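Chain and residue survey
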Amino acid sequence: MPFSSLAPPLDVELRPGRPALLRVDPSGDAPGWAAEYREALRAQVTEHGALVVRGLGPRTADEAGAVLTRLGGPLMTEREAFAPREALGPGLYSSTTWPANQPMCMHHELSYTAEVPGLMLFACLTAPEQGGATAVADAEQILQALPAALTERFEREGWLLTRSYNDEIGASLEESFGTDDRAEIERYCRANAIDLTWQPDGSLRTEQRRSAVVRHPLTGRRCWFNQIAFLNEWTLAPEIREYLVDEYGADGLPFNTRYGDGSPIGEDVVQLLNTTYEAHTLREPWQAGDVLLVDNIRTAHSREPFSGERQVVVGMSEPRRLADHHPEASER
């Protein structure tokens, strides 16, 4: 059915310090509106990197799943999660389990996997009392703002993600790989350029190298695309890092990042990355019923600390295998 209540159809608001915002009235049929305007909304996301759609109004996980599927197409099953999520439906998840008082710094979702989501979709069912924004930052601007010597090294070497799976911290093997069968995990790792080692105690350690700078598959523009800062030990709160090092050792942290040649990344570099992200951050406080669309390759996102109940559901779609995201093993 046509939605004549929108005139003009997409009147996007652009405001300093905030992501693009579109106010809509779906006339009681949010999924139908989402299906009709999907291509127009996707064009806005390509232009602006992210778009808040206010007024769609999903208030339950089922409603959110219907809207997000019509906006993004088939939703992806998450693999290689670093922290648990609750599955709420096919390809629909709760936000990552993370302490409310701790920020989740800027990152590109699953940028360490072989097949990355091109589009992130978020729906706010319950807005927090304070804070909790899913903020965004333009990856092209981040690349331009960082020191050339640093980005050139990462572009030359890539970045390395190390993971040590255990039963206490982070996602379990089954949560991450969809199975705890050793043979299946080994097949997955071989197919996705992940080096793995089974430890004497039966735990798993993995390493994977990915490119830190990629070209956007639609625009061809170069983007700073990684989770170097987010998954690095120096982004952790000092007391949490100290506990993890004491408990698991410096080489046994649940996750950490390094330069592509295996060298450790200094605290000063991680601080520089995070302050550069902050200088380019756009944030819009959540309102219940908001939907946020994020171009996951062009745009990093974060989750800010919050108080009160916060319920934001997540979907991922448009899987991409980026041509320049997989350094050849022979280059190691």
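Scoring rules and cut-offs
- Residues numbered from 1 in each chain as written.
- Predicted model: local features only at pLDDT ≥ 70, side-chain atom pairs only at ≥ 80, totals over all residues.
- Heavy atoms only, no water.
- Helix = DSSP H or I, 4+ residues; strand = E, 2+ residues; numbered from the N terminus.
- Buried < 20%, exposed > 50% of the residue type's maximum accessible area, 1.4 Å probe, protein only.
- Contact = heavy atoms within 4.5 Å.
- Areas by Shrake-Rupley, 256 points an atom, 1.4 Å probe, with all protein chains shown as cover.
- Lys, Arg positive; Asp, Glu negative; His and termini not counted.
- Charge placed at Lys NZ, Arg CZ, Asp CG, Glu CD.
- Pairing = 2+ DSSP bridges.
- Axes fitted to C-alpha atoms, helices over the stretch in contact; angles between N-to-C directions.
- Right-handed = clockwise from strand over helix to strand, strands pointing away.
- Core = buried A, V, L, I, M, F, W, Y, C linked by side-chain atoms within 4.5 Å.
- Patch = residues over 30% accessible without salt bridge, like charges linked within 9 Å, V, L, I, M, F, W, Y side chains within 5 Å.
- Salt bridge = Lys/Arg side-chain N within 4 Å of Asp/Glu carboxyl O.
- Phe/Tyr/Trp six-rings, centres within 6.5 Å; stacked < 30°, edge-to-face > 60°.
- Lys NZ or Arg CZ within 6 Å of the ring centre and 35° of its normal.
- Expected span 1.5 Å × (residues − 1).

Digging into the overall build of the protein chain
Of regular secondary structure, the protein chain possesses eight helices and 19 strands. Across its three principal directions, the C-alpha atoms of the protein chain cover 65 × 40 × 35 Å. Taken across its 332 residues, the protein chain has 53% of its residues classed as buried. Expressed as a percentage of contacts within the protein chain between residues at least 6 apart in sequence, the contacts between residues at least 24 apart total 80%. When the accessible surface of the protein chain is summed, it comes to about 14,500 Å², and 48% of that surface belongs to carbon and sulfur atoms. Considering the protein chain, the positive charge centre built from 31 side chains and the negative charge centre built from 50 side chains are found 4 Å apart.

As for the sheet that holds strand 1 (residues 20-23)
If you trace the seven strands from one edge of the open sheet to the other, you get 1-2-16-6-19-4-3, paired in mixed fashion. For this open sheet the edge positions go to strand 1 and strand 3 (87-89), each flanked by a neighbour on one side alone. Strand-to-strand, the axes of this sheet are offset by a mean angle of 25 degrees, without reference to chain direction. Summarising the sheet, strand 6 (residues 116-126) and strand 16 (residues 291-295) pair through five bridges and their orientation is antiparallel. Across the sheet, residue Leu121 finds its bridge partner in strand 16, namely Leu293. Those strands touched by helix 2 (residues 61-72) are strand 3, strand 4 (92-94), strand 6, strand 16 and strand 19 (311-320), and its axis lies near 150 degrees from that of strand 6.

Overview of the pairing of strand 2 (residues 50-54)
The buried fraction of strand 2 is high, at five of five residues. As defined by bridge partners, strand 1 adjoins strand 2 across four bridges and the pair is classed as parallel. Bridged to Leu22 within strand 2 is Val53. In the classification by handedness, the crossover that spans strand 1, the intervening helix 1 (residues 30-48) and the parallel strand 2 is right-handed. Pairing between strand 2 and strand 16: four bridges, direction antiparallel. Looking at strand 16, one finds that Val52 is bridged to Leu292.

A closer look at the nonpolar core
Ranked by internal contacts, the top residues of the largest apolar core, which has 45 residues, are Phe82, Phe122, Phe154, Trp224, Ile228, Leu273 and Tyr277. Broken down by element, the residue count for this core peaks at four residues, all from helix 8 (residues 267-279). The next biggest cluster of nonpolar side chains, apart from the first, holds 27 residues, and it includes Val24, Leu56, Leu92 and Leu121.

Notes on a negative patch on the surface
A grouping of Asp167, Glu168, Glu239, Glu242, Asp246 and Glu247 is seen on the molecular surface, where their side chains present a negatively charged patch. Tracing the backbone through its elements, the reader meets Asp167 in the loop between strand 9 (159-164) and helix 5 (173-177).

With respect to the side chain of Arg42
In this fold, Arg42 is placed in helix 1. Given the relative accessible area of 13%, Arg42 is considered buried. In this structure, Arg42 is in contact with Gly118, Leu119, Asp295 and Glu318, ignoring residues within four places of it in sequence.

Observations regarding the packing of aromatic side chains
Tallied over the full model, the rule gives nine aromatic pairs. The interplanar angle of 80 degrees and the centroid separation of 5.7 Å between the aromatic rings of Phe82 and Phe255 together place this pair among those described as edge-to-face. Pair noted here: Phe82 is in the loop between helix 2 and strand 3 and Phe255 is in strand 14 (residues 255-259), with a separation of 173 residues, a long-range link. On the basis of relative accessible area, Phe82 is assigned to the buried category, the value being 7%. Three or more aromatic residues joined by ring pairs form one cluster here, namely Phe82, Trp98, Phe230 and Phe255. Of note, Arg241 hangs over the ring of Trp234, and the distance from its end group to the ring centre comes to 3.8 Å. Here the basic side chain of Arg310 rests over the ring of Phe306, its NZ or CZ set 5.6 Å away from the ring centre.

Considerations on helix 2
The end-to-end C-alpha distance of helix 2 is 16 Å, a good match for the 16 Å that 12 residues give at a rise of 1.5 Å each. The complete set of buried residues in helix 2 reads Ala61, Ala64, Gly65, Val67, Leu68, Leu71 and Gly72. Immediately downstream of helix 2, the backbone of Gly73 shows phi near 80 degrees, a positive value.

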